[in-house]
Every structure is written in C-alpha cells, then in structure tokens.
Amino acid sequence: MKLNFSIIIPVFNRPKEVEELLESLVAQTFLDDFEVLIIEDGSTEKSEDAIAKYKKRLRLRYFFKENSGAGASRNFGMQKASGNYYIILDSDVILPKHYLSEIKEILESAFTDAFGGPDAAHTSFTTLQKAINYAMTAVLTTGGIRGKKSSVVKFQPRSFNFGLSKAAFEKTGGFSRMKNGEDIDLTFRLWQKGFETQLIERAFVYHKRRASVQQFLEQTYGFGTARPLLNKKYPQTAKLTYWFPSLFIIGLYASLIVVFFGYPQTLGFYCLYFFTIFLDSLLQNRNLKVAFLSIIATYIQFLGYGLGYLKSQFLSKNTGF
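Worth saying up front: this structure is predicted, and the values here are computed from it rather than measured.

*Asks:* Where do I start with the overall build of the protein chain in this structure?
*Replies:* In terms of regular secondary structure, the protein chain is built from 12 helices and 10 strands. At 20 Å, the protein chain has a C-alpha radius of gyration in line with the 20 Å of a compact globule built from 321 residues. By its C-alpha atoms, the protein chain is 70 × 40 × 40 Å across when sized along the principal axes. Restricting the contact set of the protein chain to residue pairs at least 6 apart, pairs at least 24 apart contribute 78%. Counting only carbon and sulfur atoms, one obtains 59% of the accessible surface of the protein chain, whose full area is about 15300 Å². Taking the 39 positively charged and 28 negatively charged side chains of the protein chain as two groups, their mean positions are separated by 4 Å.

*Asks:* Just checking my understanding: could you explain the pattern of salt bridges for this structure?
*Replies:* Side chains that differ in charge, positive against negative, can pair when their charged atoms come close. Per the stated rule, a full pass over the model turns up 17 salt bridges. The shortest N-O distance in the salt bridge between Glu20 and Lys16 comes to 3.1 Å. Residue Glu20 and its partner Lys16 are both found in helix H1 (residues 15-26); the two are separated by four residues, about one turn of the helix. The exposure class assigned to Glu20 is partly exposed, which follows from its relative accessible area of 24%. Using a relative accessible area of 59% as the deciding quantity, one classes Lys16 as exposed. Across the salt bridge formed by Glu182 and Arg74, the nearest N and O atoms sit 2.9 Å from each other. Within this pair, whereas Glu182 is found in helix H8 (residues 182-192), its partner Arg74 is found in helix H3 (residues 70-80), the two being separated by 108 residues in sequence. With respect to class, Glu182 is no different from Arg74; both count as buried.

Criteria and thresholds
Residues numbered from 1 in each chain as written. Predicted model: local features only at pLDDT ≥ 70, side-chain atom pairs only at ≥ 80, totals over all residues. Heavy atoms only, no water. Helix = DSSP H or I, 4+ residues; strand = E, 2+ residues; numbered from the N terminus. Rg over C-alpha atoms; globule rule 2.2 N^0.38 Å. Contact = heavy atoms within 4.5 Å. Areas by Shrake-Rupley, 256 points an atom, 1.4 Å probe, with all protein chains shown as cover. Lys, Arg positive; Asp, Glu negative; His and termini not counted. Charge placed at Lys NZ, Arg CZ, Asp CG, Glu CD. Salt bridge = Lys/Arg side-chain N within 4 Å of Asp/Glu carboxyl O. Buried < 20%, exposed > 50% of the residue type's maximum accessible area, 1.4 Å probe, protein only.

That is the geometry; function is a separate question.
The structure is reproduced here in structure tokens:
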C-alpha cells in the first residue's frame, strides 16, 4: 500500500520540548506529505502558542482534551488522523533529518503493521540525560532490549518511538488504560492477532527522558510496577530475567550488611560491575562526568524498577486492566 504518515504527539505541560520536536520535523529530508497531530492532554502549561509558528510550515492539527493519560491521548490522535500509518512520538524527542525517510524505505521493502525504533543521546543533552540514556540502552544494563538488534529476538516497540498501521489500530483498539507498560501490552495484543513487529535500527530518535534523578526514579518505578501485571495477563511472556533488578538491589544491600561481619567478597562483585559500567560509558560517551553519572543512573534504574516490581508482585491487588 502507499504509505500516508500521520504523526501523533501527546503533550502534557511541555511546550518548549514540543517546539524542538516540531523544528526537527520541519528539517526532515522526507519529500512526501505527512500530517502532525498535537494532542494536548489537559495541560495547564499549553503548547498552543509554542506551535503557532509551525502551522504554515507543517500540516499541523492541534487538539485540546481533558487529561486522560498518554495512551488515551494517542488513541484520540489516531482516531482523528487521516493517514493509514501512524507514527507515535513522545513530546520530549528530537528527530534526526533522515528519520521519516528511513521508515518509508524499510516499510516499503519489508512491511510490518508495527515497528519501533531505538533512542540515542543528542550532543545538546545534559550530562545527566546522557547518563540516563546510557543506563536505559546499554547492553550491560538492559541487555540492549531497547534497540540493539543483536540482542533482540522479537522486538517490543516502546511508545516514545512507535509505528502502527491503521488496520492494526482498528483491530486492537490501540493502547490500553494502563498507566505504565501500555506499549508492551499493545505489542502482545498485536502478536495475538497475527500482526508482526520489527525494529528499524536507523529510525532512532534523540530521547531527552527525565531531567532529574527523582523523576527518573519515579519513571523506572512505574516501569517496574507494570511488569507483574503484564505477566499475569500474558503468563506465557513471563521471564525469570524480569526479577533481576529486584534481586540485584536486594543482593547489593545484603552485601553491604555482611561486610560488617567480615565478608566483603560479594560487595567486591558489585564494585567490579559498577567499575565496568564506568569504563563502558566512558568509551561510548568520551566524558568522565557522564561515565560517573552512568553509575548513579544505573543504580537508580535498578532501584526504581526493582522496588516497583516487588510492590506490584506482592502488594498490589489492582490488575491495571
């Protein structure tokens, strides 16, 4: 089929970041027509003024609705879209110039009804943002499941960079009411209905992520709470590896305790691991401060996800669906 892209961007109190994203859309090398739908999800700090100057440079449509969450806002956008293939982006991403062209090239040669792309750190990002990007994408921290092709068996797209055909949206109903993990839930339902997903390696985005340690902790905690809910709904997808962050944190604190009883060996393993994180980040980022902050970001990621997972696994009675 002839691809007709509609780009869906839910926004909540992020006018400056939306402006940066729209600027990167203006700069695309893509020659075909496409539309952009901004879905303002009940923001108190609206984006309307920030995007006004782009209305003559992009085929842009703006909607304001009551706050209902990112998933519902994405569904709202897809319902309003005129295209036959939807590209869903978080408002805090910036696109490289080739982004849309790469997607078109791959889908025309190897079509799938859904795709995901990886994320990277832009040179303009703060040292903390670069460290968080490392923690979220490195093979040593997440196994490369968020976009390292060699590490992926069957790719699960993430909502910050997610493509979905109109046909797949109509068959699945789009994103669920889950606050976290709604993108993985949609992927599982796509597979159940016979749709294929793929990773488009070259369709990466620069993802700013959370700007503070506290926000990153809250975000990873939310990710952790989602996984046991997904395991209960899709038991065939549950893996022992999902327990790793929780066991890592428990083991870290246990090793700190046993040091006082004369057993430092286990803590030495953790020190070696974090030193390896430092070296790997230093090689990738060429920045000592980013490398040091990568240790902190990795610890925060495991702490947030691990605690969220344990709480959801043992204390939560809410199914989330």
